[in-house]
Amino acid sequence: MHLAYVDDSGNSGYGASKTFTLGCVMVDAARWPDVFDDVIDYRRFLKNRFGLPVRAEIKANHLVTNGGAFRKLGTNAAVRFAIYRGHLRLCQKLELKVFSVVIRKDIIVSKGLAAKYPDPRTVAWEYLLQRLERFTTKTSDTVMIVHDEGDGGLARKLTRKARRAGSAGSQFATGSLSRPAKRIVEDPVPRDSRQSYFLQLADLAAYAAFRSLYPPPPHPVQICPVSMWNELGAARYAPVSASTVHPPGVVVYPS
């Protein structure tokens, strides 16, 4: 079994942000205790080097804006960039699988499709569930979803629907294929991201995926540059997308 930790980046409505993005970090449940211990060790390293409390919440927004625990520490941009990059490199070291789904709301609006897709969150979750279904089918494994508690009702509704009658776009023809997500077990489990290092990793992955498509404004030190997603290295789960245009492991709609 794998645990799939999911967190989002961006506002779910139209106009407030250019995208709505989900980041997903998959951990082999059999390896979870050892992986968790390694994450704790890394957090202790950050405490010893920068004074960052082991239990501090680390989210992309805090790193980019010098908010949260970072404001009290007075960390400069170079340090916050190093902490961001270190977390993504940690995913590769721990052999995690990471992917993201980026819903480009600005393009949906420009193409006049907002009425067809009134809730970008729903589109993002449907794409994510399709990818998890494909992962479980290819690996003969099961997945349990753990997500930030903000999307509890929607995540539960869409997962139950996917388990009964999921679908995925056909690679060879128009229309869709019947792909019930029977190996996604139980309802998704909501958690407070402040209490989960893995949800915080998913948040960092989601924002890095967004920035891989939308460069940040000019700044002497970029906390999350366009290249940050690539710091995941082998942790990027490329099979989620056949695109040769977008970065490996990033599902983009509209492409």
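Small disclaimer: the values here were computed from a predicted structure and weren't measured.

Student: Please explain the pairing of strand 2 (residues 19-28) as it appears in this structure.
Tutor: Burial analysis of strand 2 places nine of its 10 residues in the buried class, which makes it a mostly covered element. As defined by bridge partners, strand 1 (residues 2-9) adjoins strand 2 across eight bridges and the pair is classed as antiparallel. In the sheet register, Ala 4 faces strand 2, and the bridge partner there is Met 26. As judged from the eight bridges shared by strand 2 and strand 3 (residues 97-104), these two strands associate in the antiparallel manner. Counterpart to Met 26 in the pairing with strand 3 is Lys 97.

Student: Could you clarify how one ought to interpret the confidence of the model for the protein in this entry?
Tutor: The predicted coordinates ought not to be read in detail in places where the model reports low pLDDT. Per-residue confidence for the protein averages 93 on the pLDDT scale, and 95% of its residues sit at or above 70. Note that pLDDT drops below 50 for residues 168-175; the model gives that stretch 10 contacts with residues more than four away or on any other chain.

Student: Can you help me understand the sheet that holds strand 4 (residues 143-148) in this one?
Tutor: The strands making up a sheet are joined through hydrogen bonds of the backbone, oriented either antiparallel or parallel. Ordered in space as 7-4-1-2-3-8, the six strands form an open sheet in which the pairing is mixed. Of all strands in the sheet, those bounded by a partner on one side alone are strand 7 (189-191) and strand 8 (250-253). Across this sheet, the average inter-strand angle for adjacent strands is 20 degrees, counted without regard to direction. Sheet analysis places strand 1 next to strand 4, joined by five bridges and oriented parallel. Along strand 4, the bridge assignment pairs His 2 with Val 143.

Student: Mind showing me how you'd approach the environment of Val 252 here?
Tutor: Positionally, Val 252 belongs in strand 8. As a C-alpha pair, Val 252 and Tyr 14 span 238 residues in sequence and 17 Å in three-dimensional space. Not counting residues within four places of it along the chain, the set of residues in contact with Val 252 comprises Val 102, Arg 104, Leu 213 and His 246.

Student: Please explain the pattern of salt bridges as it appears in this structure.
Tutor: Once their charged atoms are close, side chains differing in charge can pair, the charge on each being opposite to the other. Considering all chains together, one arrives at eight salt bridges under this definition. Note that Arg 89 and Glu 231 form a salt bridge whose closest N and O atoms lie 2.8 Å from each other. With a gap of 142 residues between them, Arg 89 in helix 4 (residues 77-93) and Glu 231 in the loop between helix 8 (197-213) and strand 8 connect regions that are remote in the sequence. Two residues, Arg 194 and Asp 192, come together in a salt bridge whose shortest N-O distance is 2.7 Å. Sharing partners across several salt bridges, the network here consists of Asp 7, Lys 59 and Asp 203.

Student: Where do I start with the packing of aromatic side chains in this structure?
Tutor: Each pair of aromatic rings is reported with the distance of its centres and the angle of its planes. Enumeration over the complete set of coordinates arrives at 10 aromatic pairs. Summarising the aromatic geometry, the rings of Tyr 117 and Tyr 253 are spaced 5.6 Å apart at their centres and angled 75 degrees between planes, so their arrangement reads as edge-to-face. Placement of the pair is Tyr 117 in the loop between helix 5 (105-110) and helix 6 (120-139) and Tyr 253 in strand 8, with a sequence separation of 136 residues. Each of the two residues, Tyr 117 as well as Tyr 253, counts as buried.

Student: Please clarify how the nonpolar core should be interpreted in this entry.
Tutor: Looking at soluble globular proteins, one finds that nonpolar side chains tend to be buried together. Core analysis: the biggest nonpolar cluster contains 49 residues, and Ile 58, Leu 63, Tyr 84, Leu 96, Val 98 and Trp 229 have the highest contact counts within it. Per-element tally for this core: the top contributor is helix 8, with 12 residues. With near-sequence residues (within four places) excluded, Ile 58 lies in contact with Arg 43, Leu 46, Leu 52, Leu 63, Phe 70, Ile 83, His 87, Gln 200 and Leu 204. Grouped together as the second largest cluster of nonpolar side chains are 30 residues, Phe 99, Ala 181, Tyr 237 and Val 240 included.

Student: Got a minute to help me understand unusual backbone geometry in this structure?
Tutor: For residues that are not glycine, phi is negative in most cases, and the peptide bond is trans in most cases. For the bond running from Tyr 253 to Pro 254, omega is -10 degrees, close enough to zero to count as cis. With respect to the helices and strands, the residue Pro 254 is situated in the segment after strand 8. Positive phi values are uncommon outside glycine, yet Glu 95 reaches one of about 60 degrees. Relative to the elements of secondary structure, Glu 95 occurs in the loop between helix 4 and strand 3. The backbone of Ser 140 sits at a positive phi, close to 55 degrees, despite the residue not being glycine. Residue position: Ser 140 is located in the loop between helix 6 and strand 4.

Calculation criteria
- All chains use their own residue numbering, which begins from 1 and follows the written sequence.
- Per-residue local features are limited, in this predicted model, to residues with pLDDT of at least 70; the limit for side-chain atom pairs, both in listing and counting, is 80 or more; totals at the level of whole chains, interfaces and linings are taken over all residues.
- For the side-chain quantities, the full set of heavy atoms in the structure was used; hydrogens and water were omitted.
- Buried, partly exposed and exposed residues are distinguished by accessible area as a fraction of the type maximum, computed with a 1.4 Å probe on protein chains only: under 20%, between the cut-offs, and over 50%, respectively.
- Numbering of helices and strands runs from the N terminus; a helix is a DSSP stretch of H or I covering at least four residues, while a strand is a stretch of E covering at least two.
- Two strands qualify as a pair provided DSSP detects at least 2 bridges between them.
- The quantity known as pLDDT measures the predictor's confidence residue by residue, on a range of 0 to 100.
- The contact rule is simple, with two residues in contact once any of their heavy atoms fall within 4.5 Å.
- Axis lines are fitted to C-alpha atoms, over the contacting stretch for helices. Their N-to-C directions set the angle, which ranges from 0 to 180 degrees.
- Salt bridge, as used here: a side-chain nitrogen of Lys or Arg that lies within 4 Å of a carboxyl oxygen of Asp or Glu.
- Between 30 and 60 degrees the pair is tilted, below 30 it is stacked and above 60 it is edge-to-face, where a pair is any two Phe, Tyr or Trp rings, Trp via its six-membered ring, whose centres lie within 6.5 Å.
- Nine residue types can take part in a nonpolar core, namely buried Ala, Val, Leu, Ile, Met, Phe, Trp, Tyr and Cys, and a core is a set of them joined through side-chain atoms within 4.5 Å.

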